[in-house]
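# Analysis of the macromolecular model
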Amino acid sequence: MALWRGWAVWGLWVVMVWQGTSIRGCWAQLDTCSGQCDCKLSSNEDERAIFNVRTSMCNAGSLQWSSAYGAIRLEVQPFQPNDYRLCFVLHSHHTLTQVSLEEPRFHHLPRNYRLQTSEEPLRMSSGMRPLVSTDGRSGEVCVRGKGREPVLLFVEVQRSHEFSGIPSVSLQYDVEPLPQLDAALLDPMEECRPCTQEELLDAYCTSDFVAVGSISQTRPAGDGDSDGDGDDDQQGLVTHVEVAVAQLVHQNFPVFRRRRREDPHLTGVIHAPARCGVRPASKGGHLLFTGRMRLGKAKLRCAPYLEDWLKVAQLAECVYD
């Protein structure tokens, strides 16, 4: 499978702009977000409040916004020297939420758009390109970013009398580098090829999950799903790979677990590109599954036969936390 490399996570700062008075020249750190790529915050019931959230060196993260009123300006500055693709999924509860992309030519202007505190007139429609609006779960939305330049998303809630309950919004984002070659020259099956020895060693040491097991079955995304994972937008693009685990080596997230107390094995579902044609091994035997979490889903990275992995396993030098 295709190689994806993780990078270190550094800081995250939050600045609040409140009723036309911005905090300038000083980044006010909040304990819930300082030094993290996953931010949790809450706003008062004032629809004029705007929060500025800046991430630094983050290639993946999330935003959890409770008592959601007003807007958030999310500035994602990934650790990417070249062009990249930023994808996100939005969940909106008890409110309608719209996410817009701030056009680069407006990055230099003061940030309280709603209160019109800029020295020059600025209409929301002139500097923002709407990306998605939902009062539930959105599909996956992707935008392109230029190397060393941030992507700025404006997340705004729109309250009305038709909604009841406490509004909340969550957003997960993920960044991947774009190939440097011309798209016409790329092999569409590149991410389906077997991993090289170097890629396999890197995957074993840096993946979010590593397990030995076998494929129980595969099914297309959205086909008979009962877990409510919202993969209807991935139909025809993604295959769900159900794995029965014989040995769990490592996992940062509960990808594999016992569905029922009496189950003999840990099981889990991994996502793989449909065009790769992943299916249960015809010759039997165990595989080594490695992968990472992407937008809350387990994505397959490398999956060699166990016997092939054991030939290079002695070269692996890594220690899991």
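Up top is the structure.
Everything numeric here is computed off the predicted structure, so don't read it as measured data.

## Description of the pairing of strand 14 (residues 238-251)
With eleven bridges connecting them, strand 13 (residues 209-220) and strand 14 associate as antiparallel partners. Opposite Val-210, over in strand 14, you have His-250 as the bridge partner. Sheet topology places strand 14 next to strand 15 (residues 266-273); eight bridges connect them, and they run antiparallel. Across the sheet, residue His-240 finds its bridge partner in strand 15, namely His-271.

## Some details on the state of the cysteines
The tally for this structure, following the rule as stated, stands at four disulfides. Note on cysteine connectivity: Cys-87 is disulfide-linked to Cys-142, with sulfurs 2.0 Å apart. Across the disulfide from Cys-87 to Cys-142, rotation about the S-S bond amounts to roughly 105 degrees, and the bridge is consequently right-handed. Taken as a pair, Cys-87 in strand 7 (residues 84-93) and Cys-142 in strand 10 (residues 141-145) lie far apart in primary sequence, 55 residues in all. On the accessibility criterion, Cys-87 (1% relative accessible area) is buried.

## Points about the sheet that holds strand 7
Strand order in the open sheet formed by five strands is 3-5-12-7-10, with mixed pairing between adjacent strands. Looking at the sheet topology across the chains shown, the edges are occupied by strand 3 (38-42) and strand 10. The sheet shows a mean angle of 15 degrees between the axes of neighbouring strands, direction not considered. Pairing between strand 7 and strand 10: five bridges, direction antiparallel. Among the inter-strand pairings, Cys-87 is bridged to a residue of strand 10, identified as Cys-142.

Cut-offs used in this document
Residues numbered from 1 in each chain as written. Predicted model: local features only at pLDDT ≥ 70, side-chain atom pairs only at ≥ 80, totals over all residues. Heavy atoms only, no water. Pairing = 2+ DSSP bridges. Helix = DSSP H or I, 4+ residues; strand = E, 2+ residues; numbered from the N terminus. Disulfide = S-S within 2.5 Å. Buried < 20%, exposed > 50% of the residue type's maximum accessible area, 1.4 Å probe, protein only. Axes fitted to C-alpha atoms, helices over the stretch in contact; angles between N-to-C directions.

Any functional reading would require information that these geometric values do not contain.
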